[in-house]
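Each chain, written out:
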Amino acid sequence: MKNYHIEPPNHFSLPRRIRRLGELAYNLWWTWNPDVQRLFKRIDIDLWEQTNHNPIRFLRQVELPKLNAVAHDSYYLDFYDRAILAFTRYMNNDNTWYKRNHGQSQEELIAYFSTEFGLHETLPIYAGGLGILSGDHVKEASDLGLPLVAIGFLYTRGYFTQKISEDGWQEAHYVRLKFDELPVSPVLDENDSQLTVSVNLPGRSVKACIWQIQVGRTPLYLLDSDVEDNTPEDRELTARLYSSDLDLRISQEIVLGIGGVRALRKLGYNPGVWHMNEGHSAFMALERAREFVKAGHTFEKAKELVKKETVFTTHTPVPAGNDEFPLWLIDKYFSDYMSELSLNREEFIDLARHKVSWGETFGMSILAMHLSELRNGVSELHGQVAREMWNFLWPDRKAEEVPITHITNGIHTGTWLARRLRHLYGRYLGRDWLEHIDNQEMWEAIDNIPDEELWAVRRHLKRKLVFYMRERAREQWLYDGVHPVQVVAAGTLLNPYTLTIGFARRFATYKRADLILSDFNRLLELINRPNRPVQIIFAGKSHPDDNPGKLLIQKVYRMVKKAETGGRLVFLEDYDMNLARYLVQGVDVWLNTPRRPNEASGTSGEKAALNGVLNFSVLDGWWREGYNGHNGWAIGDETDYENHDLQDQMDAESLYNTLENEIIPLYYDRSSGNLPVEWIARMKESIRTLAPQFSMRRMIKDYANDLYFPLIDKK
Ligand SMILES: *Cc1c(COP(=O)(O)O)cnc(C)c1O
């Protein structure tokens, strides 16, 4: 018997006949099922947009006559009944991939820890790629029937929304999330009080309450320290993502790692596999060791038992990107905890000791490496880089023998594929194609799609993007008091028939957003040719404390504003999952210019490829594996550079040459009539080769077969 219950605060007043819309609103399954989204949209399309695609706010605000109208519309009801049936079948499906492949053994449970989850734009509890990956991981676990439970934070103020000043300076705005308008439910005890866990921080105990989000079949539990018993400062502990304040940061990681384990225990879960997605959650391994020590084991034995059940995924190829804490901070936060582990200070620090040029630190990735049995990087090249980077932890081994493997990142197909393409693929790949996303052979049938049909959908998606940008610019012009040049910079002069390049990602300097601007005159000459114009859309946030990143945004924005660009360079504010969908579905070319080998994997290009957008990217991360010479374009080659300036110069040269000599001519070649036949052939090659391989379906099967199941089977 569970000693807790979860009650969605579902008090909508809905006509009886369509009552279950309230249930759909509280399960994120709707986020990857466009037919369900249409159920809401059809009732009141303007309100659907105004509420930023939030069904809970939508159902609260929608006018009763509109609900009554659809409740008597047989066409609507037919749609509704089919959606409810699909939902019920999905939730009760007993014939999942997991059941078919691993169901014989006793049902095990995988606990998945991550600091951020990118599930939908209405839940701003993610900052970038790591969060999107976690969100997609949870969704696909649900699709495959994998028994997984996820743990993270419900940040009360979420990640910021971005505004760009006239001079290109990023302003960060935080709003307090209204939990009663989000698909989160409190986890309640028998007295209807919200369940909490506590952890010890210096001189006090801090509580966190537990919320739940239902992601298809998979539950995600989120911790939140905004609890009455806490001091005002502690109530803000989990308000925001990734503080640069070390005290705040270590406190958050203690709440996630230690509090997360306690939360799962309180909920009655007993996972057999524990997955740390990035080192932020590595304290969870200490907490489990503490449990074993408390049960009478020595620390050595406890460590061995913990390792046997632990998987660690590293995402950071740059040493500075790994979380490191100074030792005084460890003394401050862990002096009591060490003795609960029966360890003295030196033994405790040995678990994560990192000798750096100026002394020693406590490295979270090192802690995670030491306390896990299986470890992986997120692309082939990143695996190699990680083995070299962490070689010092296994000093008696050669780099290639360092026990870190790789599983290349993928994306959740249902979440990122445009609705029209989903229907088109359904027609040519077979009705049940979504069951076979990772099957290469199935995708051969892409060649059967008539060029005109595929091209018509692509044109539709680009128009949709351009019109969406115009509406956003109109809102800014109407309400935000922006300068006229910002209206141009927001994309109002874009042409829906022009070759369009997208560049959207976090503005970290290694991603080199300015590489394509490095020879500005050459670029201007290329984009302004009368018959073959090119337009480029930039978008992306920079961490609020990352000054070089913000300067980079400013540099790009200042160039975008110049009259000589003819309004063909654009910067879109506030990159989030919604804008990401418009961009990866709407542009023609997806540009990615990281300084190799700093991009661990990248996933936005995978989303683009799925939608028939061609990748134009440095051979780093996933693209180094995906590129086959015919399914997009490479920038530069596989040279390893010591000198950044030289590398940037060589890459820029390669970029301009390929753009000028290959990409632009291919797009505008209409020698066989109205269609760019060669371009479309390349698109098909790209979809066919990349969609199955870089799907989250393939990725989760790899995690299950290579990491989760081996640990389960060894028991
Ligand atoms: C997919 C995605 C990312 C990650 O993409 P990269 O290729 O790693 O840059 C970041 N932010 C958002 C909003 C995304 O949708």
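Analysis parameters
Residues numbered from 1 in each chain as written. Predicted model: local features only at pLDDT ≥ 70, side-chain atom pairs only at ≥ 80, totals over all residues. Heavy atoms only, no water. Pairing = 2+ DSSP bridges. Helix = DSSP H or I, 4+ residues; strand = E, 2+ residues; numbered from the N terminus. Buried < 20%, exposed > 50% of the residue type's maximum accessible area, 1.4 Å probe, protein only. Axes fitted to C-alpha atoms, helices over the stretch in contact; angles between N-to-C directions. Contact = heavy atoms within 4.5 Å. Parallel < 35°, antiparallel > 145°, perpendicular 65-115°, else oblique. Nonpolar A, V, L, I, M, F, W, Y, C, P; charged D, E, K, R; others polar.

1. Let's talk about the pairing of strand S7 (residues 196–201)
One ladder, built from six bridges, connects S7 with strand S8 (residues 204–215); its direction is antiparallel. Across the sheet, residue leucine 201 finds its bridge partner in S8, namely arginine 204. Hairpin connection from S7 to S8: two residues lie between these consecutive antiparallel strands, with glycine 203 at a positive phi of about 75°.

2. Observations concerning the side chain of glutamate 599
Relative to the helices and strands, glutamate 599 resides in the loop between strand S20 (589–592) and helix H24 (604–610). With a relative accessible area of 5%, glutamate 599 lands in the buried category.

3. Regarding the sheet that holds strand S12 (residues 324–326)
Reading across from one edge, S12-S14-S13 is the order of the three strands in this open sheet, with antiparallel pairing throughout. Since the sheet does not close on itself, it has two edges, and those belong to S12 and strand S13 (353–356), each with one partner. Taking each pair of neighbouring strands and ignoring which way they run, the sheet shows an average axis angle of 45°. Set on the sheet, helix H13 (residues 327–340) makes contact with S12 and strand S14 (359–363); between it and S12 the angle comes to about 80°.

4. A few points about the packing of helix H8 (residues 129–144) against helix H28 (residues 696–713)
Two numbers describe how H8 lies on H28: the axes approach to 9 Å, and their chain directions differ by 80°. By the criterion of interaxial angle, the relationship of H8 to H28 is roughly perpendicular. Contacts between H8 and H28 involve Leu133, Asp136, His137, Glu140, Asp143 and Leu144 from the former and Met696, Arg697, Met699, Ile700, Lys701, Tyr703 and Tyr708 from the latter. Split by residue class, the contact of H8 with H28 holds seven nonpolar, one polar and five charged.

5. Details of the environment of phenylalanine 325
Take phenylalanine 325: it is sitting in strand S12. Considering only alpha carbons, one finds phenylalanine 325 and threonine 361, 36 residues apart in sequence, at a separation of 5.6 Å. Residue contacts for phenylalanine 325: discarding those within four places in its chain leaves Leu246, Arg249, Ile250, Glu253, Phe283, Ile330, Thr361, Phe362 and Met364.

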